[in-house]
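Summary of the model geometry
Residue strings, one per chain:
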Amino acid sequence: MAGVLTGEGQRVSRAAADVVRAEAAAVPVPPAVRRAPGRREGLTAFLFLSPTLLVFVVFVVFPILFSFYLSFQQWNLFADDHAFVGLANYGAVFSDPEFWQVFWNTTVYTVATVPLNMVLALGVAVLLERRVRGKRLLRAAFFTPVVVSSVAAGVIWRWVFDPNLGLANVALTAVGLPAVDWTANAAAAMAALIIVGVWKTFGINMVLFAAGLSAIPSHYYEAAAIDGARSWSQFRHITLPLLAPTTLFVLVLSMIGSFQVFDVVFVLTRGGPLGATKVLVYYLYEHAFKFFDMGYASAVAYLLFAVLFVLTLVQVRAFRNRGAVAV
Amino acid sequence: MPPSLRRCAGLLALLLVGGCGGGADGPADGRTPVVFWHSFVSSTIPALDSLVARFEAEHPEIDLQPQYVPTGDALVQKLITAVRSNTAPDVSWIHADYLEDLVAADAIYPMAHFIEGPNGMSAEDLADIYPALLTYASYRGTLYSMPMEATNLGLLYNKDLFREVGLDPERPPQTWEELVSYSERLRLDRNGDGRYERIGFMVPVRPGTGPDGPWMVWQFQPFMMQAGTDHLVNEEQTRVLFADEPAVQALSLWERLFDLQNQRGFTNEYQSAFVSGQGAMMLDGPWSLPNYPRLLEGIDWGIAPLPAGPVRPATVVGGEYLAIFRQSAHPEAAWTFVKWVTQPEVQAFWSQRSGYLPIRASVTEVPEYRAYLETNPGLKAFVEQMAVARAQRPIEYSALEIQRELAIAIEQATVGTLDARTALARAAEASNAMLARADRTPPSPAPPETTAVTTARR
């Protein structure tokens, strides 16, 4: 019996999928929906969707394509005409040492933020799965930073990390630790950014993990308990494998999110000190909306897209090879 | 289902039309609307309200509509968006750094268009305005905007703390050496951990690449001027001047003050640090004056001229400039306001309420205004300092990028580990490369009337 549970997650997840399918089949479905939609109904549906589609095309699809076009142009946003410059923008980005610095900074931020974020989110989600007093209140409290405006949060944290007046240094010195030069020390400023980044985003991952946890049928745990599995081995052999699809989703999303970090940097550190917390999107912003070099900024945007695309492919592939996800 | 289809289409049409409506097509009362974009801080808004009320009382045919736009990056971003989408304001605050792009896009009128028009401005009136302000209001010698107010930078200091360490509160530092020695006297390490809980002069360092970078550069400039260089760039616009000896001396002073007091990076708000007694001296401008009675309650504060450098006493002149947009439907009404605001009596009125300095030297000779200055020593100090206020030659190519290089150098020499000379040399090298690459073809075809009114390049 224990062999089934400790075997590859694939078998278990297939069993879980069967359960889901069986449950879905049990729900009565109105026959009308089953019928292939006629052309007229398709048109009706399209018309109902059209406001959303219109907004989507105008504000999402068009900018994406236009920005790709712009990445081969030189344009200052003011002028009516833009000049085709071929791959010159991409070449200029690659030969700018600052680009490589911000790329490195972004990588450091991501490598630190994503694992911290996921471990914390999963930990809190698992703890809140149990019977805890004030569970809803706690969940809401952990989720609050997600819905707080980034700018408001950034301003508050900026005061917390103020080297002279901030709460962080008051707290550190109160327990006998030395005060930290949060704004002048490169490593400390990056640490402050990571702390705020994790604080701001782990709530959403906690909710995703909680949803994933509640979808795991309880009889697996019951069976494991009968077999004498303790909570750690239950977590290791039931929770983690069954949670793999959620984990992949959270990983991909967090990775994309932290590569795109901007708002907190803009408010909290403004890229300082000495550019140590300057990230890719901040760099992009500076070229697009401060120096109005739209072609250059678009090239940066498409390089960022390429990096994220490759990273996401690698992650999906890695999970698929372990058999956790059917993609 | 034709009826429901029709309803859908109707709803869609409504959505589309609803989204596009709502344009201002002139007021019902027949007054001419003039939209005025500005970035006045909240403490100046009551003064602005009284200015608008006075204008509308004198010009009942015009409906002046002030609209707040955050300053810095946001203002130029909104101006560009507005010009591109054909929704530019009639008149807006602008900054000398934006003129390069605004003129290239032919977005604003040269002032000669109005000055030589039917409702023109006399040569005497124009000559009464501080030349430094007209320099900033111009691009490549052509006047494209009009100053609305003047500012400069002075030294705000805490007399209580001066007394506490045995300094004469009525004798603020007169020289760079005194600025250093006073700071040494005023710094205080209460718990002996090698960090100062209180410092003397707060070096206004901010992240060089952040939105406050140009602000930091502006605050650095009086120190360059005191050491002998007024300008960031040479007259031919081919070489930056901030790697030369005067700028190196100025940045070395900042570096020395920063290190001497072990100033911990940048604080968010130098003003808050001053209020809480963590710093005894800071740079500030007259726009803060209306805020002081409330902000500095319980502090015996004073405003002093900036300490003199090795060459001369000096401060930097600043101001806000009004430009009229070509997309305006009522450029003449906009000009009526711009011209009105430069009048001596309006300048005196505006200065007394806003704390800004008048743009004309003659206002300070009006007895009523002189009497007011005697009751407001802070404003008086700023007004008197206009005698040593100097203007910087605007950078005509890549102005924002070049200022950013200088801002980074300032940060490297203070917060970072580079010495002033090395940091400035690196910034100058990068900036000179930008100037070498600059496209020096003249801006958009100049309208014939622009030739008449030009300002001397300093």
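Residues numbered from 1 in each chain as written. Chains lettered and ligands numbered in written order. Predicted model: local features only at pLDDT ≥ 70, side-chain atom pairs only at ≥ 80, totals over all residues.

1. Quick look at the overall build of chain A
- For chain A, the count of helices and strands is 16 helices and two strands.
- Expressed as a percentage of the 327 residues in chain A, the buried residues total 32%.
- For chain A, long-range pairs separated by at least 24 residues make up 70% of all intrachain contacts whose partners lie at least 6 apart in sequence. (Helix = DSSP H or I, 4+ residues; strand = E, 2+ residues; numbered from the N terminus. Buried ≥ 20, exposed ≤ 12 C-beta atoms within 10 Å, placed from the backbone. Contact = placed C-beta atoms within 7 Å.)

2. Points about the overall build of chain B
- The number of helices and strands found in chain B is 19 helices and twelve strands.
- Evaluated residue by residue, chain B yields a buried proportion of 47% over its 458 residues.
- Considering only intrachain contacts with a sequence separation of at least 6, the fraction spanning at least 24 residues in chain B is 76%.

3. Let's talk about the nonpolar core
- One finds B:L133, B:A323, B:I410 and B:L424 to be the most contacted residues of the largest nonpolar core, which totals 180 residues.
- Sort the elements by how many residues they give to this core and helix α10 (residues 186-214) of chain A lands first, with twelve residues.
- Residue contacts for B:A323: discarding those within four places in its chain leaves B:V91, B:S92, B:I94, B:L102, B:I108, B:Y144 and B:S145.
- In this structure, A:Y220, A:A224, A:I238 and A:L242 belong to the second largest nonpolar core, which totals six residues. (Core = buried A, V, L, I, M, F, W, Y, C linked by C-beta atoms within 7 Å.)

4. Thoughts on helix α3 (residues 73-84) of chain B
Residue and element names in this part refer to chain B.
- If you check α3, its first and last C-alpha atoms are 17 Å apart, about what twelve residues at 1.5 Å a residue would give, namely 16 Å.
- For α3, the set of buried residues is V76, L79, I80 and V83. Taken down its axis, α3 places every buried residue within 95° of arc, on the same side.
- A positive backbone phi angle near 60° is found at N86, which sits one or two residues after α3. (Expected span 1.5 Å × (residues − 1). Arc of directions from axis to C-beta.)

5. A short note on the sheet that holds strand β7 (residues 154-158) of chain B
Residue and element names in this part refer to chain B.
- If you trace the four strands from one edge of the open sheet to the other, you get β8-β9-β7-β10, paired in mixed fashion. The open sheet has two edge strands with one neighbour each: β8 (199-201) and β10 (301-304). With strand direction ignored, the average angle separating the axes of adjacent strands in the sheet is 25°.
- The sheet contact formed by β7 and β10 spans four bridges and is antiparallel. Note that in β10 the partner of L156 across the bridge is I303. (Pairing = 2+ DSSP bridges. Axes fitted to C-alpha atoms, helices over the stretch in contact; angles between N-to-C directions.)

6. Structural notes on the packing of helix α10 (residues 213-226) of chain B against helix α18 (residues 399-414) of chain B
All names here are of chain B.
- In contact at an axis separation of 9 Å, α10 and α18 are set at 75° when each is read in the N-to-C sense. With respect to each other, α10 and α18 are oriented roughly perpendicular. Between α10 and α18, the residues in contact are G213, P214, M216, V217 and F220 and Q403, R404, L406, A407 and I410, respectively.
- For the contact of α10 with α18, the per-class residue count stands at seven nonpolar, two polar and one charged. (Parallel < 35°, antiparallel > 145°, perpendicular 65-115°, else oblique. Nonpolar A, V, L, I, M, F, W, Y, C, P; charged D, E, K, R; others polar.)

7. What about the packing of α18(B) against helix α19 (residues 420-437) of chain B?
Residue and element names in this part refer to chain B.
- The geometry of α18 relative to α19 is characterised by a closest axis approach of 8 Å and an angle of 165° between their N-to-C directions. Here α19 runs roughly antiparallel to α18, going by the angle between their axes. When you trace α18 past α19, the crossing you get is right-handed. Contacts between α18 and α19 involve E401, I402, E405, L406, I408, A409, Q412 and A413 from the first element and A420, A423, L424, R426, A427, A430, S431 and M434 from the second.
- Partitioning the contact of α18 with α19 into residue classes produces eleven nonpolar, two polar and three charged. (Left-handed = near helix turned anticlockwise from the far one by under 90°.)

8. Here's the deal with the interface of chain B and chain A
- Facing 32 residues of chain B, the contacting portion of chain A comprises 32 residues.
- The set of elements that each furnish at least two residues to the side of chain B that touches chain A consists of α1 (2-20), α3, α4 (99-104), α12 (270-275) and α18 of chain B.
- At five residues, α1(B) tops the list of elements feeding residues into the side of chain B that touches chain A.
- Along the lines of polarity and charge, the residues of the side of chain B that touches chain A split into 15 nonpolar, eleven polar and six charged.

9. Details of α19(B)
All names here are of chain B.
- The end-to-end C-alpha distance of α19 is 26 Å, a good match for the 26 Å that 18 residues give at a rise of 1.5 Å each.
- Where α19 is concerned, the buried positions are A420, A423, L424, A427, A428, S431 and L435. The buried residues of α19 occupy an angular sector of 125° when the element is viewed end-on, so they sit on one face. Across from the buried face of α19, at angles greater than 90 degrees, the exposed residues are E429, A433, A436 and R437.

10. Some remarks on the environment of A:Y302
Residues and elements named next belong to chain A.
- The residue Y302 is located in helix α16 (residues 294-321) in this model.
- Classification of Y302 as partly exposed rests on a count of 18 C-beta atoms within 10 Å.
- Along the backbone, Y302 and F68 are 234 residues apart, and their C-alpha atoms lie at a distance of 7.0 Å.
- With residues up to four places along the chain from it excluded, the contact list for Y302 reads F68 and S71.

11. Some thoughts on the confidence of the model for chain B
Residue and element names in this part refer to chain B.
- For chain B, per-residue confidence averages 87 on the pLDDT scale, and residues scoring 70 or more make up 89% of the total.
- Below a pLDDT of 50 lies the segment residues 1-26, which in the model reaches eleven contacts outside its immediate sequence neighbourhood of four places, other chains included.
- In the predicted complex, the global pTM is 0.78; the interface-specific ipTM is 0.73. (pLDDT = per-residue confidence, 0-100.)

12. Considering unusual backbone geometry
Residues and elements named next belong to chain B.
- Positive phi is not limited to glycine here, since D106 has a value of about 55°.
- Along the chain, D106 falls in the loop between α4 and α5 (112-115).
- Positive phi is not limited to glycine here, since S398 has a value of about 50°.
- Within the secondary structure, S398 is located in the loop between β12 (389-390) and α18.

13. Description of the pairing of strand β1 (residues 32-38) of chain B
Residues and elements named next belong to chain B.
- Most of β1 sits inside the fold, with five of its seven residues counted as buried.
- Bridge count between β1 and strand β2 (residues 62-68): seven bridges; the pairing is parallel. Considered in β2, the bridge of P33 is made with D63.
- What joins β1 to β2 is helix α2 (residues 45-58), and the crossover it makes is right-handed. (Right-handed = clockwise from strand over helix to strand, strands pointing away.)

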